[in-house]
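# Overview (structure and organization)
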Amino acid sequence: MNLTARSVSRALIVTTLAVVTTGVTALVPIGSASAASTLGASAAQTGRYFGAAVAAHRLGDATYTGILNREFDMVTAENEMKMDATEPNRNQFSYGNADRIVNHARSQGKRVRGHTLAWHSQQPGWMRGMEGSALRSALVNHISKVAAYYRGKIYTWDVVNEAFADGGSGGRRDSNLQRTGNDWIEVAFRTARAADPGAKLCYNDYSIEDWSAAKTQGVYRMVRDFKSRGVPIDCVGLQAHFGTGIPGSFQTTLQNFASLGVDVQITELDIAGSGAQQADNYRRVTQACLAVARCNGITTWGIRDTDSWRYPGVSPLLFDGAGNKKPAYTAVLNALNARN
Ligand code: 9MR
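An unreviewed UniProt entry lists the protein chain under the name Beta-xylanase, from Kibdelosporangium banguiense. Recorded in UniProt under Sequence similarities (unreviewed entry), the annotation for the protein chain is "Belongs to the glycosyl hydrolase 10 (cellulase F) family." Under the UniProt heading Catalytic activity (unreviewed entry), the note attached to the protein chain is "Endohydrolysis of (1->4)-beta-D-xylosidic linkages in xylans."

Given below as C-alpha cells:
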C-alpha cells in the first residue's frame with residue numbers, strides 16, 4: 001500500500017469507529033489510529049503483515065491454533081511445501097499437508113507465503129542423485145506444477161532458497177542444482193512467473209542481514225543483475241535467524257535491497273536470549289522494518305518457543321511454551337503501534 005492509500009485506509013478506520021460510536025460515546029479523533037491489540041492488526045495499520053511459520057501437525061493443538069488465529073495475518077508452511085513434501089515421487093504430487101495449512105489460513109482470512117519451490121536441501125530421494133539436464137527438467141517441472149496448483153492463492157513464493165555459499169566467497173553454494181548451470185536461479189524465477197503471474201517472487205536466504213558480509217554482497221549483486229536484465233524478481237527474503245546480537249547495519253541492508261526496486265520481507269525471524277535483552281532485539285528488528293517503506297512484512301519461524309526448530313537449546317520466539325506472551329511480544333507490538 002502506498003502512503004496515500006494507507007492514509008485513506010486509516011481515515012476509513014477512524015471514520016468507521018466514529019460512526020459506530022456516534023451517540024454512544026466520544027468520537028475517536030480523526031487522524032489518530034487506535035492502538036491495535038494483536039500483531040497482525042497492528043502491522044496492518046502500517047500497511048504490513050505479521051506472519052508465522054505453521055506446522056500442519058500442530059493445527060489440532062488448541063493453544064497453538066488459538067494464538068495463530070488471533071495474532072497472525074500471514075502464514076508460511078514450515079515444511080509442507082518443500083520439494084520432498086510436494087513431489088515425493090517423480091511427477092507425482094502430494095499436497096495434503098500443505099493444503100491443510102493453506103485452507104486453514106484462507107478460511108481465517110490470512111494470506112500465505114509459499115516456501116519453497118527450489119532448494120538444495122529437503123529434496124525428495126529421487127531428485128538427490130540427479131544432475132545435469134535431467135535435473136534441470138525435473139526442477140522446471142516441479143516449479144511449474146506446484147506454482148500452477150496454488151496459482152492465485154500465494155501472496156509470495158520463496159522461489160529459490162539458500163543458494164549462496166557461507167563464508168567469504170560471496171558466490172553460489174555448490175549443489176546439484178547449481179551444477180546444472182549458473183542460470184538455474186533465473187530459470188526458476190521465469191518458470192514461477194509463468195505459472196503464477198500474480199504471486200510476488202522472492203529470493204530467500206540466511207546470513208544476508210549484515211551489509212558487510214560477503215554473502216549479502218553476493219545476493220545483492222545477483223538481484224541487481226536480475227533487475228537490470230528483466231529477470232522477474234519482486235522481493236528478497238531475509239530469514240533473520242539471530243543470536244543475541246542484531247547486526248548494526250540491518251536496516252541499511254534492508255534499504256539497500258529495497259533501493260534496487262524489490263520488496264524486502266523478514267521471513268524466518270527468531271532471536272536467541274531471553275527477557276529484556278531478547279525483547280530489545282525484537283524491537284530493533286521491528287523498527288528496522290518499519291523504517292524501510294518496502295519492508296512489507298515480518299514472519300516469525302514458529303509461534304511458541306517449544307515449536308521452534310532451535311528449541312530446547314534456544315527459546316527464540318514471542319510466546320512461551322504455555323502460549324503466554326513474552327516481553328519480546330510486547331516489544332514488537334509496542335513498536336508496531338508506535339508507527340500506527
Ligand atoms: O524449521 C524447519 C525444520 O522443522 C526442518 O527440520 C528443517 C529441514 O531442513 O527446516 C527448517 O526450516 C528451515 C527453512 O525451511 C529454511 N531456512 C532455515 C530454517 C531452519 O532450519
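## Some remarks on the overall build of the protein chain
A tally of regular secondary structure across the protein chain gives 12 helices and nine strands. Since a compact globule built from 340 residues should have a radius of gyration of about 20 Å, the 20 Å found for the protein chain is in line with a globular shape. For the protein chain, the C-alpha atoms occupy an extent of roughly 70 × 40 × 40 Å along the three principal directions. Evaluated residue by residue, the protein chain yields a buried proportion of 54% over its 340 residues. Sequence-distant contacts, at least 24 apart, represent 76% of the contacts inside the protein chain between residues at least 6 apart. Summing over all exposed atoms, the protein chain offers an accessible surface of approximately 13,200 Å²; the carbon and sulfur share of this is 51%. Of the charged side chains in the protein chain, 36 are positive and 28 negative; the average position of the first set lies 5 Å away from that of the second.

## Observations regarding the site of the ligand
Neighbouring the ligand are 13 residues; E78, K82, H115, E162 and E268 lie closest to it. Separating an oxygen atom of the ligand from a side-chain N or O atom of H115 is a distance of 2.7 Å. Within the side chain of W301, one N or O atom sits 2.9 Å away from an oxygen atom of the ligand. In isolation the ligand offers 450 Å² of accessible surface; the protein chains occlude 75% of this area. Here the residues of the shell around the ligand are counted per class, giving three nonpolar, six polar and four charged.

## What to know about the state of the cysteines
Linking two cysteines covalently through their sulfur atoms gives a disulfide. According to the stated counting rule, one finds two disulfides in the structure shown. Covalently, C202 is tied to C235 through a disulfide, its sulfur atoms 2.2 Å apart. Taking the sign of the torsion about the S-S bond as the criterion, the disulfide between C202 and C235, at about -135°, is left-handed. With C202 in strand β5 (residues 200–205) and C235 in strand β6 (residues 235–238), this residue pair connects regions lying 33 residues apart in the sequence.

## Comments concerning the UniProt feature "active site" (unreviewed entry) in the protein chain
Feature annotation in UniProt assigns "active site" (unreviewed entry) to the following positions: E268. In this structure, E268 sits in strand β8 (residues 263–271). Not counting the four nearest positions on each side in its chain, E268 is found in contact with H115, N204, L238, Q239, A240, H241, T299 and W301. Engagement of the side chain of E268 in a polar contact is seen with the side chain of H241, the distance being 2.7 Å.

## Some thoughts on the packing of helix α8 (residues 184–195) against helix α9 (residues 214–229)
Between α8 and α9, the shortest axis-to-axis distance is 12 Å and the interhelical angle comes to 55°. By the angle between their axes, α8 is oblique relative to α9. For α8 against α9, the interelement crossing comes out right-handed. Two secondary-structure elements touch here, α8 through I185, E186, F189 and R190 and α9 through M222, F226 and R229. Partitioned by chemical class, the residues of the contact of α8 with α9 number four nonpolar, no polar and three charged.

## Thoughts on the packing of helix α7 (residues 132–149) against α8
Orientation of α7 relative to α8, taken along the N-to-C sense of each, is 30°, at an axis distance of 8 Å. Here α7 is positioned roughly parallel relative to α8, judged by the angle of their axes. For the pair α7 and α8, the sense of crossing is right-handed. Where α7 approaches α8, its residues R136, L139, V140, I143, S144, A147 and A148 are matched on the opposing element by W184, V187, A188, T191, A192 and A195. When grouped by side-chain class, the residues that make up the contact of α7 with α8 number 10 nonpolar, two polar and one charged.

## Thoughts on the environment of F257
When you line up the elements, F257 lands in helix α10 (residues 250–258). For F257, a relative accessible area of 0% gives the class buried. Taking C-alpha positions, F257 is 9.3 Å from R294, a pair spaced 37 residues apart along the chain. Those residues in contact with F257, other than ones at most four positions away along the chain, are I208, T216, V219, Y220, V223, V236, L238, V262 and V264.

## Some points on the pattern of salt bridges
A full pass over the atoms with the stated rule returns 19 salt bridges. A salt bridge links D205 to K215; its shortest N-O distance comes to 3.4 Å. Note that D205 is positioned in strand β5 and K215 in helix α9, a separation of 10 residues in sequence. R284 serves as the salt-bridge partner of D280, at 2.9 Å between the closest nitrogen and oxygen. In this pair, D280 and R284 both sit in helix α11 (residues 275–290), four residues apart, roughly one turn of the helix. Note on D280: relative accessible area 26%, which makes it partly exposed. Judged by relative accessible area, which is 42%, R284 ranks as partly exposed. Where salt bridges share partners, they join R58, D61, R304 and D307 into one cluster.

Each value, and the rule that gives it
Residues numbered from 1 in each chain as written. Predicted model: local features only at pLDDT ≥ 70, side-chain atom pairs only at ≥ 80, totals over all residues. Heavy atoms only, no water. UniProt positions renumbered as here; feature names shortened; annotations may be inferred. Helix = DSSP H or I, 4+ residues; strand = E, 2+ residues; numbered from the N terminus. Rg over C-alpha atoms; globule rule 2.2 N^0.38 Å. Buried < 20%, exposed > 50% of the residue type's maximum accessible area, 1.4 Å probe, protein only. Contact = heavy atoms within 4.5 Å. Areas by Shrake-Rupley, 256 points an atom, 1.4 Å probe, with all protein chains shown as cover. Lys, Arg positive; Asp, Glu negative; His and termini not counted. Charge placed at Lys NZ, Arg CZ, Asp CG, Glu CD. Near = heavy atom within 4 Å. Polar contact = N/O pair within 3.5 Å; in protein donor to acceptor, adjacent residues only side chain to side chain. Nonpolar A, V, L, I, M, F, W, Y, C, P; charged D, E, K, R; others polar. Disulfide = S-S within 2.5 Å. Axes fitted to C-alpha atoms, helices over the stretch in contact; angles between N-to-C directions. Parallel < 35°, antiparallel > 145°, perpendicular 65-115°, else oblique. Left-handed = near helix turned anticlockwise from the far one by under 90°. Salt bridge = Lys/Arg side-chain N within 4 Å of Asp/Glu carboxyl O.

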